[in-house]
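# Understanding the architecture of this molecule
So you can see what is in the structure, the chains are spelled out below.
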Amino acid sequence: MGKDFVLKGNICYSKSAKELALVADGYLVCEEGLCTGVFQQLPQQYQHLPLEDCTGKMILPGLVDIHVHAPQYAFRCLGMDMELIEWLSHYAFPEEAKYKDLAYAEKAYGSFVEDLRQGPNTRAAVFATCHVPASLLLMDMLEASGLVTLVGKVNMDRNSHPQLQESGPEASARDTEAWVSLILTEKAYHNTAPILTPRFIPSCSDGLMVKLKEIQQKYGLPVQSHLSENKGEIAWVRELCPDAANYSAAYDYFGLFGGSDTPTIMAHCVWMEEEELALMAERQVFVAHCPQSNMNLASGIAPIRRFLDRGIPVGLGSDVAGGCHTSIFRAMSDAIQVSKLYWRLLDQNEAPLAIEEAFYLGTMGGGAFFGKVGSFLPSYEFDALVIDDSKLEAPYDLSLNERLARIIYDPDRCILERKFVRGRDVLHKAAL
Ligand code: GUN
Ligand code: FE
């Protein structure tokens, strides 16, 4: 398959949070890695292009994970009996300390990257560890996978595991700058880019945050971190930053909270104050909603309806290993389910997420952090999945809406036949 081609099949994509487009037996045109459009009849000018006939299959945009920890993949599904702070010190930090050893990193990151390559996600914003060589190795592997990723060498110079913590603001900032400049000077990545990654306020001294803002400005980097996940964590931030009005203000004080020159993803946002929501909307800070992690670590339920109503951008995150599954299909069904509990148990004014909203969040919602990504609207980047869902059949004819719902709730019995990222098939490299 060359650069320009046509896929024929049952095409489903979001036009907005509320509007799902479903085109049975339609044509999806890819030119130069971008979507030209979706057509019921193939216009004359595209009839010369190679056509991949996927009649009967479902064609969806690639899924987007805007919050995942690559080094935690190795212990997914373990340690799910603790809350955040205890879990970090018993599981996450000791595991991440192992990535000082490149041989270990190669093995562990190899399984993570292969899982991502074979699964339905096409894009991800990824936390690595604080180790520069292992973070570069992860980026090399992700680049080779064909997926598009933002990867962060983590910053953490306080309150951590002695084997993991960086020795101070200077060392952490020096390593971070060395990492960024190496990428810019020596690595010719097409699909992999750095993202500044202060782990969270309890892990980063004030001196480090000042230096990270300088690096962010100098290199024009996006930012990812964690915000208001757990009540104990929030109380800790209050002690560490007594002058900050709230957790968001603790980031904002250092200029690391969104705005047009500092695109930012904040994971979780479970326990937010009203003023924080106003600031997030103003700065267009992305919420990475990680429902499975929030359940596993008993953190709470993020008020996604409130975010959407206020115009705050939201995408979905697996938060492996807070979450056990890398697939964003799972995050979609979890997001719907926790939103129902929120509505039933906590606030009957906050309507649960509809399935098309969850699908939007896991495609176009998170995709917006990467640009025009996560839809088949014209000029969106061509990230597409071709799915054989024939094992999900029923004794009656299912509508496309119903088939999409089944794929979202029961993806494991589907076969991912093709997976295109920017127009390239990353499952069948030989076919390129
Ligand atoms: N907050 C700070 N670090 C982490 C992490 O690794 N996982 C989660 N879920 N929350 C965090
Ligand atoms: Fe996380």
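Scroll up for the structure.
Rules used in this analysis
Residues numbered from 1 in each chain as written. Chains lettered and ligands numbered in written order. Predicted model: local features only at pLDDT ≥ 70, side-chain atom pairs only at ≥ 80, totals over all residues. Heavy atoms only, no water. Helix = DSSP H or I, 4+ residues; strand = E, 2+ residues; numbered from the N terminus. Contact = heavy atoms within 4.5 Å. Core = buried A, V, L, I, M, F, W, Y, C linked by side-chain atoms within 4.5 Å. Buried < 20%, exposed > 50% of the residue type's maximum accessible area, 1.4 Å probe, protein only. 1 Å grid on protein atoms, 1.4 Å probe; cavity = no way out; pocket = protein on both sides within 12 Å on 5 of 7 lines; lining within 4 Å. Points joined across faces, edges and corners; volume = space filled by probe spheres on them. Nonpolar A, V, L, I, M, F, W, Y, C, P; charged D, E, K, R; others polar. Phe/Tyr/Trp six-rings, centres within 6.5 Å; stacked < 30°, edge-to-face > 60°. Expected span 1.5 Å × (residues − 1). Axes fitted to C-alpha atoms, helices over the stretch in contact; angles between N-to-C directions. Parallel < 35°, antiparallel > 145°, perpendicular 65-115°, else oblique. Left-handed = near helix turned anticlockwise from the far one by under 90°. Pairing = 2+ DSSP bridges. Right-handed = clockwise from strand over helix to strand, strands pointing away.

Let's shift gears to the environment of Pro378. In this fold, Pro378 is placed in the loop between helix H12 (355-367) and strand E15 (384-388). A sequence separation of 28 residues divides Pro378 from Glu350, and the C-alpha atoms of the two residues are 33 Å apart. Not counting the four nearest positions on each side in its chain, Pro378 is found in contact with Cys35, Thr36 and Lys372.

Counting residues in hydrophobic clusters, the biggest one holds 139 residues, and the most contacted among them are Leu138, Met280 and Phe307. Broken down by element, the residue count for this core peaks at eight residues, all from helix H3 (residues 132-145).

Put simply, the largest pocket is a space of about 470 Å³. Lining the largest pocket are 24 residues, and of these Gly119, Pro120, Ser327, Pro411 and Asp412 sit closest to its centre. Only helix H2 (102-118), helix H11 (328-346), helix H13 (400-409) and strand E16 (415-421) provide two or more residues apiece to the lining of the largest pocket. Grouping the constituent residues of the lining of the largest pocket by class yields 12 nonpolar, seven polar and five charged.

Let us now look at the packing of aromatic side chains. All told, the structure shown has 14 aromatic pairs when counted by the stated rule. Ring geometry for Phe5 and Phe382: centres 5.3 Å apart, planes at 80 degrees, overall edge-to-face. Taken together, the residues Phe5 in strand E1 (residues 5-14) and Phe382 in the loop between H12 and E15 connect sequence positions 377 residues apart. Phe382 carries the same exposure label as Phe5, and that label is buried.

To continue, consider H12. The end-to-end C-alpha separation of H12 is 17 Å, in line with the 18 Å expected for 13 residues at 1.5 Å each. Along H12, the residues classified as buried are Glu357, Ala358, Phe359, Tyr360, Leu361, Gly362, Thr363, Met364, Gly365, Gly366 and Gly367.

Contact geometry for H3 and helix H4 (residues 169-186): axes closest at 10 Å, N-to-C directions at 30 degrees. Between H3 and H4, the interaxial angle falls into the category roughly parallel. Of the two elements, H3 crosses H4, and the hand of that crossing is right-handed. Listed contacts from H4 to Val132, Ser135, Leu136 and Met139 of H3 are Asp175, Trp179, Leu182 and Ile183. Across the contact of H3 with H4, the residue classes tally to six nonpolar, one polar and one charged.

What follows covers the pairing of strand E13 (residues 286-289). With burial as the criterion, each face of E13 is covered, one bearing Phe286 and Ala288 and the other bearing Val287 and His289. Two strands pair when backbone bridges link them, and strand E12 (residues 264-268) and E13 are joined in this way by three bridges, in the parallel orientation. Along E13, the bridge assignment pairs Ile265 with Phe286. Where the polypeptide runs from E12 across helix H8 (residues 274-283) and back to E13, its parallel neighbour, the crossover connection is right-handed. Relative to strand E14 (residues 314-316), E13 is paired through three bridges, and the arrangement is parallel. Bridging from a neighbouring strand, Val287 pairs with Val314 of E14.

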